[in-house]
Amino acid sequence: MYILGIESSCDETSVAVVDGEKRQIRSNIVASQIEIHRLYGGVVPEIAGRAHIEAVSRITYEALEKAGLTLGDIGAVAVTAFPGLIGALLVGVNFAKSLAYSYGIPLVAVNHVKAHVAAGYLEDPTLEPPFLAVVVSGGHTSIYDVKDYTDFREIGSTRDDDAGEAFDKIGRVIGMPYPGGAALDKLAYEGDPNAVRLPSPALHDGLDFSFSGLKTAALNYINSERQKGEEPSAADIAASYTAVITDAITSKVRKALDMTSASRVVLAGGVAANSHLRKRLSELCKAQNVTLTVPPISLCGDNAAMVACAGYFEYLKGNLSGTGLNASATEPQ
Ligand code: KG4
Ligand code: ZN
């Protein structure tokens, strides 16, 4: 069955066609708004919503054309309904509802976080739950015990900010273009990871994180160096900051593996593109004899193929939505 996926939760408008049974991507068009938001140093929600409106129907045609299919071939329309920027989400949800209603196609609401994890199924079509999922992005930092394709238990999460946002914030202060995550990743190779002492974002007990203290400590360090008339080494900051974040995530995954005896880990989300984190987690999983699945960089950031794949599993569970579907900024409880 072919699923048409639609993603508009943040600053990427994306439409994809995925073959659900084969877990195969037929097309995955991503229209990024990064250049538009760069001017402001972060995503401007109002501008994001408007840019989604301008892009969504054009890229739907593109995705169908690239897949060599028409709407008549589509078995379900899957759309990110939560969590995300409400104005941005509403564009995708309303577009998906109109499409589903006018063509008589079943509609499926998708949780954006579960969609990130579904990128693992596209990377490895033999992947099956149960496994541990680590979702690290601009808006999420969580560890899940994935019981089934649609049944997730959150066992660890951030108490405040997210890993991607933390990378972007410090990236901006040391002069990286928005979003700073990918640039910091590269720059970290040129610095000393022990040069700047920073507090760990891993909280002592359990599997939770807190990034606010780390961000403040890094900012204080940069400001105090500048007050002394010295410009701190951007490479040393990138290396030290990256090391403390990757150490924290790796140590919590180690703890989660001990707690759950899982034999597989899926790393997902925009920050899963971080080469240092990929390396550290692959070393950990190798040492623990655990299989690690990491999607290719193109499926780590927001894209609609992962939404279509997650939507396929919701469809199989019978979780269909009607025209009353609404978007939600947070995950409905
Ligand atoms: O998943 P995503 O596209 O959007 C959200 O759902 O938030 O993640 C975007 C985040 C940004 O904060 C970006 O800086 C970060 O992923 N990111 C990275 C890297 N590539 C993207 N962070 C660290 N290292 C990278 N290589
Ligand atoms: Zn995302």
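Note that this is a predicted model, so its numbers are computed, not measured. (Residues numbered from 1 in each chain as written. Chains lettered and ligands numbered in written order. Predicted model: local features only at pLDDT ≥ 70, side-chain atom pairs only at ≥ 80, totals over all residues. Heavy atoms only, no water.)

**Examining the pairing of strand β7 (residues 141-146)**
Each regular strand displays side chains that alternate between the two surfaces of the sheet.
Move 1: Here β7 lies mainly inside the structure; six of its six residues are buried.
Move 2: Two elements, strand β6 (residues 131-136) and β7, share six bridges in a ladder whose sense is antiparallel. Residue Val 136 lies in a different strand from β7, and its bridge partner there is Thr 141.
Move 3: Counted along the chain from β6 to the antiparallel partner β7, the turn is four residues long.
Move 4: In the sheet, β7 pairs with strand β8 (residues 152-157) via five bridges, with the strands oriented antiparallel. Each residue of the ladder has a partner; that of Val 146, found in β8, is Phe 152.
Move 5: Once β7 ends, the chain turns through five residues before running back antiparallel as β8. (Buried < 20%, exposed > 50% of the residue type's maximum accessible area, 1.4 Å probe, protein only. Helix = DSSP H or I, 4+ residues; strand = E, 2+ residues; numbered from the N terminus. Pairing = 2+ DSSP bridges.)

**Considering the sheet that holds strand β9 (residues 264-268)**
Move 1: Read from one edge to the other, the open sheet built from five strands follows the order β8-β7-β6-β9-β10, with strand pairing classed as mixed. Two strands lie at the open edges of the sheet, namely β8 and β10 (291-293), each paired on one side alone. Neighbour-to-neighbour, the strand axes of this sheet turn through a mean angle of 25°, independent of strand direction. (Axes fitted to C-alpha atoms, helices over the stretch in contact; angles between N-to-C directions.)

**Here's the deal with the packing of aromatic side chains**
Move 1: Summed over all chains, the structure comprises eight aromatic pairs.
Move 2: Taking 5.7 Å as the distance between ring centres and 65° as the angle between the ring planes, the aromatic pair formed by Tyr 144 and Phe 152 counts as edge-to-face.
Move 3: According to the relative accessible area criterion, Phe 152 is buried, its value standing at 15%.
Move 4: Relative to Phe 211, the ring of Phe 209 has its centre 6.0 Å away and its plane inclined at 25°; by these criteria the two rings are stacked.
Move 5: The class of Phe 209 is buried, set by a relative accessible area of 2%.
Move 6: The class for Phe 211 is buried, based on a relative accessible area of 0%. (Phe/Tyr/Trp six-rings, centres within 6.5 Å; stacked < 30°, edge-to-face > 60°.)

**Description of the pairing of strand β3 (residues 24-32)**
Move 1: Bridging between strand β2 (residues 12-19) and β3 involves eight bridges; their strand directions are antiparallel. The partner of Val 18 across the bridge, within β3, is Ile 25.
Move 2: Here β2 folds back onto β3, and the loop between the two strands holds four residues, one of which, Arg 23, carries a positive phi near 50°.

**Looking at helix α11 (residues 304-316)**
Move 1: In a regular helix each residue adds 1.5 Å, so 13 residues correspond to 18 Å; α11 covers 18 Å between its end C-alpha atoms and thus fits that length.
Move 2: A large share of α11 lies buried, amounting to 11 of its 13 residues.
Move 3: For α11, the full list of buried residues reads Ala 304, Ala 305, Met 306, Val 307, Ala 308, Cys 309, Ala 310, Gly 311, Tyr 312, Phe 313 and Glu 314.
Move 4: Capping the start of α11, Asn 303 holds a side-chain oxygen 3.1 Å from the backbone nitrogen of Ala 305, two or three residues further along.
Move 5: At the C-terminal side of α11, Gly 318 shows a positive phi close to 85°. (Expected span 1.5 Å × (residues − 1). Polar contact = N/O pair within 3.5 Å; in protein donor to acceptor, adjacent residues only side chain to side chain.)

**Description of the site of ligand 1**
Move 1: Lining the immediate environment of ligand 1, one finds 18 residues, of which Gly 138, Asp 168, Asp 185, Gly 270 and Asn 274 sit closest.
Move 2: One of the side-chain nitrogen or oxygen atoms of His 116 is found 3.2 Å away from an oxygen atom of ligand 1.
Move 3: Asp 185 places a side-chain nitrogen or oxygen 2.9 Å from a nitrogen atom of ligand 1.
Move 4: Protein burial of ligand 1: of its 550 Å² of free accessible surface, 86% is covered by the chains.
Move 5: Counting residues per element, the ones that place at least two in the shell around ligand 1 are α4 (112-123), α5 (163-173) and α6 (181-187). (Near = heavy atom within 4 Å. Areas by Shrake-Rupley, 256 points an atom, 1.4 Å probe, with all protein chains shown as cover.)

**Topic: the sheet that holds strand β5 (residues 107-111)**
Move 1: Spatially, β3-β2-β1-β4-β5 is the arrangement adopted by the five strands of the open sheet, whose pairing is mixed. Edge positions in the open sheet fall to β3 and β5, since each of these has one partner strand only. Strand after strand, the sheet turns through a mean of 20° between neighbouring axes, direction not considered.
Move 2: Packed on one face of the sheet, helix α2 (residues 45-67) meets β1 (2-7), β2, β3 and β4 (74-82) and runs near 25° to β2. (Contact = heavy atoms within 4.5 Å.)

**Some words on the pattern of salt bridges**
Move 1: Taken as a whole and assessed by the stated rule, the structure comprises 14 salt bridges.
Move 2: Asp 124 serves as the salt-bridge partner of Arg 264, at 3.0 Å between the closest nitrogen and oxygen. Highlighted residues: Arg 264 in strand β9 and Asp 124 in the loop between α4 and β6, separated in sequence by 140 residues. For the pair Arg 264 and Asp 124, one class covers both residues: buried. (Salt bridge = Lys/Arg side-chain N within 4 Å of Asp/Glu carboxyl O.)

**Some points on the domain arrangement of the protein chain**
Interface size is commonly expressed as the accessible area that is lost once the parts come together.
Move 1: Once the domains are mapped, the protein chain shows domain 1 (2-118 + 299-316) and domain 2 (129-296).
Move 2: A separation of 26 Å is found between the C-alpha centroids of domain 1 and domain 2.
Move 3: Across the boundary between the two partners, domain 1 contributes 19 residues, which contact 21 residues of domain 2.
Move 4: For the pair domain 1 and domain 2, the summed buried surface comes to about 1700 Å²; carbon and sulfur atoms form 71% of the total.
Move 5: Viewed at the interface, domain 2 and domain 1 are joined by zero salt bridges.
Move 6: Remark: the boundary between domain 1 and domain 2 carries seven residue pairs in polar contact (both at pLDDT 80 or more).
Move 7: Within the residue set of the side of domain 1 that touches domain 2, elements represented by two or more residues are α1 (34-38), α4, α10 (297-300) and α11.
Move 8: For the side of domain 1 that touches domain 2, the leading source of residues is α4, giving five residues.
Move 9: Residues that form the side of domain 1 that touches domain 2 fall into these classes: eight nonpolar, six polar and five charged. (Domains from an automatic or database assignment. Buried area = accessible area lost by both parts, 1.4 Å probe. Nonpolar A, V, L, I, M, F, W, Y, C, P; charged D, E, K, R; others polar.)

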